[in-house]
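# Structure assessment
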Amino acid sequence: MNKYLEQWTSKPMMRELEQGIINAPNDLLGCHIFKEEDVQIFTAYRPCAQAVWVLDHCGKVAGEMEPMELEGLFGFVIEKKSARLKTYRLRIQYAEDDIIEIDDPYAFGKMFGELDKHLLAEGNHHKIYNKLGAHRMMRRGVEGTQFAVWAPDACSVSVIGEFNMWDARLHKMIMHGSSGIFELFVPGAWEGAAYKYEITSRSGEKLYKTDPYGNYAELRPGNASRITSLDGYEWGDSAYRKEHAKKSRKIREREPMSIYEVHLASWKKRIEDDDNGNFSYRELAGMLGDYVSDMGYTHVELMGIAEYPFDGSWGYQVGCYYAPTSRYGTPKDFMYFVDEMHQRGIQVILDWVPAHFPKDAHCLGRFDGQALYEHPDSRRGEHPDWGTYIFNYGRMEVKNFLVANALFWIEKFHVDGLRVDAVASMLYLDYGKQDGQWLPNEDGGHENYEAVHFLQHLNAEVEKEYPGSYIIAEESTAWPKVTAPVLEHGLGFSFKWNMGWMNDFLEYMKLDPYFKQFHHGQLCFSIDYYLSEKYILVLSHDEVVHGKCSMWNKMPGLEGDKFATLRATYGFMYGHPGKKLLFMGQEFAQKREWAEYRSLDWFLLDEDIRHRQMQDYIRELNRLYKEYDAFYYNDFDSLGFEWMDCWRPETSTVAFVRRGSSTKDQLMFILNFTPVAHEVYQVNAPCKGTFTEILNSDEERFGGLGRVNKKTLKAKKVSKPTVPKPGEAVSEKEKQDYYELTLYLPPLSVVILKYDYVTK
């Protein structure tokens, strides 16, 4: 062996290389100036190679490398300074007719800087997705992929993939000291190539992990990442983005928000019985975009877009947080989907799951052999009922991973908002746990302070970086100030799903009409607290699965009554203060429960006209919702709602008014939840004047019998007689005259009247 090579090579490092546990391969491999001897040394590790040559920048052979003590390790020395190479390549012969030329990955320096490491360690590197993961690039004129991964407890990490025949010996990654960052530039690693990280843990176990920051993944059941570039897509939504970027929290609160919640795989299927019979993002962009526009929705909310292993999880057990699922195409295909929605004026919300992640071996769990993304104590780090891990919100790099991920979807894919799943499970340490399965906080309580700080940090950063975007909480408890600003000690969410209203209202609607009179409070109670948060009223996917029945089947009575009651149900929802969300299929009265593996029952629209009429009804509600700002402008202001009638439980009728931005075109809603018609229904009116019916759910076009109020209605002044109690005077308010409307109120119906508020 050349004497300089013998002096240069370290036997301990060669043993680490041979055992696959080396974490500083660049100290041994690549091109180095051996300063003690002032010579240039080249070393390369290519197991199974018969011969290796060093080539100069012109591709000419500078010399043949000699085999060294470790099988597969080759070395070459240039002693003359004048002959030294500034750049080089390697020619490798594996067999007589198997010769390749490559650029040496250890000829390229590190790219992860000290500032990057510092910001990541303190949890403030919110563009970390531009550094970690796999990024196509050109370095010194050489095309390849820069890989970087955080694995602080790993002994060593290799990037393996189609570009190196999944051989972990060929691309050992370079560790950045105590930061836990490993990186390597792999020349020639091409777009679309599958890859993973082989991680050697402290115990010597070999782990094969998907890239936590990877942007594309194999189609299930494969679970490798794929190299891709997010650059180069030509967006067409610049005008849309510019307009929405200027919208403050207050502006958003005063805008219409009618959300269509969608599970892409089951909205429509190309082939019903094919496991992979999904339409692509690009196909769905046109189909769904046209449908949502036609139906008049303002937003579409997508379930489960971040890559996930198991279809049955609906996307709520995420495997790859930075990758749109490949079930429907590539990341750029998903960009096209969002772009097309925006060009139709439709906002896009993604469901986002920072509450937990699955235990699948290729995912985040025990990523480097230790608890890394999850809390190390199972009483804090696992959901026993869900069989999942809980993020360690107190670890800065983990908090950074999640905050950066939220910003990533907004920046790279232009999404307008995120709906955060299962917030309650994050806020409470004992959520879904029995005694002995959880640890209290430092004050002995069950509040998860670290999760609270994470959520506040998340919402503050999104509002600062993208003030036109919004974050929605699915929070099912009475945790205070969920939508209050962080500066006011709130969690800082833009909106909150009103789960309490949903549960109470659906329980009420399921009752036989006779028993509704005894549960009137379930219908009216939500008004007592509707101003406590910025609510979205939801009839979501969770309410039409697992034996809960479809919305249509929840309704009591025979088929005709079911349709009528469902129309009244939707009428009350649209009239109630708060933004709106309907799950797909509910708009045409899907009869079967939703299932993720099959298409919606679109055939119902052809089989029974009543389903088309229900679809027409929702379309009309959405049209009116956007036309009259009384539906939404004062959703979160006491001015926006007033009861006209909520004190007749025996008839199960209610009436209320909604006020918008002016005294013009205010709305009055009158609802009857029993199958009994009121020929002469008298109800308080908010003022004198003329009231015009703009929608009646009993109209024939919606499947009703046409029992409507064709003529305008006049509010009449009525003097309310008062009988004072013995010894009590009559108050001035009790002496006032009132206004009253008389109308026909059909059974199981909603009547919407418009009026101008008149003061004199």
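Conventions used here
Residues numbered from 1 in each chain as written. Predicted model: local features only at pLDDT ≥ 70, side-chain atom pairs only at ≥ 80, totals over all residues. Heavy atoms only, no water. Core = buried A, V, L, I, M, F, W, Y, C linked by side-chain atoms within 4.5 Å. Buried < 20%, exposed > 50% of the residue type's maximum accessible area, 1.4 Å probe, protein only. Helix = DSSP H or I, 4+ residues; strand = E, 2+ residues; numbered from the N terminus. Salt bridge = Lys/Arg side-chain N within 4 Å of Asp/Glu carboxyl O. Patch = residues over 30% accessible without salt bridge, like charges linked within 9 Å, V, L, I, M, F, W, Y side chains within 5 Å. Areas by Shrake-Rupley, 256 points an atom, 1.4 Å probe, with all protein chains shown as cover. Pairing = 2+ DSSP bridges. Expected span 1.5 Å × (residues − 1). Contact = heavy atoms within 4.5 Å. Axes fitted to C-alpha atoms, helices over the stretch in contact; angles between N-to-C directions. Parallel < 35°, antiparallel > 145°, perpendicular 65-115°, else oblique. Left-handed = near helix turned anticlockwise from the far one by under 90°. Nonpolar A, V, L, I, M, F, W, Y, C, P; charged D, E, K, R; others polar.

A general feature of soluble globular proteins is that nonpolar side chains tend to end up buried together. In terms of nonpolar packing, the biggest core is built from 199 residues, with F147, F337 and Y373 touching the most fellow members. At 11 residues, helix α10 (residues 396–413) tops the list of elements feeding residues into this core. Within the second largest apolar cluster, 19 residues are counted, among which are V54, F74, Y88 and Y94.

Note that side chains of opposite charge can pair when their charged atoms are close. Under the counting rule described, the total for this entry stands at 52 salt bridges. Linking K81 and D38 is a salt bridge whose minimum nitrogen-to-oxygen distance equals 3.2 Å. Of the two residues, K81 sits in the loop between β5 (73–78) and β6 (89–95) while D38 sits in the loop between β1 (30–34) and β2 (39–45), which places them 43 residues apart along the sequence. Across the pair E101 and R91 runs a salt bridge, and its minimum N-O distance is 2.8 Å. Pair noted here: E101 is in strand β7 (residues 98–102) and R91 is in strand β6, with a separation of 10 residues, a long-range link.

Taken together, the side chains of Y514, F515 and F518 define a hydrophobic patch exposed on the protein surface, amounting to about 360 Å² of accessible area. Following the sequence through the fold, Y514 ends up in helix α14 (residues 513–516).

As a further point, take the pairing of strand β29 (residues 653–658). Counting buried residues in β29 gives 6 out of 6 residues, a clear majority hidden from the surface. With burial as the criterion, each face of β29 is covered, one bearing T653, A655 and V657 and the other bearing V654, F656 and R658. Two elements, strand β28 (residues 641–648) and β29, share 5 bridges in a ladder whose sense is antiparallel. Looking at β29, one finds that F641 is bridged to R658. What sits between β28 and β29 in their antiparallel hairpin is a turn of 4 residues, with S652 showing a positive phi close to 55°. Looking at chain direction, β29 and strand β30 (residues 666–672) are connected through 6 bridges and run antiparallel. Residue pairing across strands places T653 opposite N672, the latter belonging to β30.

Before going further, it helps to spend a moment on helix α12 (residues 449–465). Owing to its 3.6 residues per turn, the α-helix brings residues three or four apart onto one side. For α12, spanning 17 residues, the distance from its first C-alpha to its last is 24 Å, which sits close to the expected 24 Å at 1.5 Å a residue. Of the positions making up α12, those classed as buried are A451, V452, F454, L455, Q456, H457, L458, N459, E461 and V462. Buried residues along α12 sit in contact with β20 (347–352), α10, α11 (423–427) and β24 (470–473).

So, about the packing of α10 against α12. Two packed helices can be described by the angle between their axes and the distance between those axes. It is the contact of α10 with α12, at a shortest axis distance of 10 Å, that shows an interaxial angle of 30°. One element, α10, and the other, α12, form an angle in the roughly parallel class. Along this stretch, α10 crosses α12, giving a crossing that reads as right-handed. Contacts from K399, L402, V403, A406, L407 and I410 of α10 reach α12 at F454, H457, L458, E461, V462 and E465. Its residues assigned to classes, the contact of α10 with α12 comprises 8 nonpolar, 1 polar and 3 charged.

What follows concerns helix α17 (residues 559–575). The end-to-end C-alpha separation of α17 is 25 Å, in line with the 24 Å expected for 17 residues at 1.5 Å each. By the criterion of burial, α17 is predominantly enclosed, with 14 of the 17 residues buried.

Within the open sheet, the 7 strands sit side by side as β1-β2-β5-β4-β3-β6-β7. Their pairing is antiparallel. Looking at the sheet topology across the chains shown, the edges are occupied by β1 and β7. For this sheet, the mean inter-axis angle between neighbouring strands, taken without regard to orientation, is 25°. Both strand β4 (residues 61–67) and β5 contribute to a ladder of 2 bridges, which runs antiparallel. Looking at the pairing, P67 lines up with F74 of β5.

Our next topic: the sheet that holds strand β9 (residues 142–150). Judged by pairing direction, the sheet is antiparallel, and its 4 strands sit side by side in the order β8-β9-β12-β11 without closing on themselves. Strand pairing shows two members of the sheet lacking a second neighbour, β8 (133–139) and β11 (174–175), which therefore form its edges. Here 7 bridges tie β9 to strand β12 (residues 181–187), and the two strands are oriented antiparallel to one another. Paired with Q146 across the bridge in β12 is F185.

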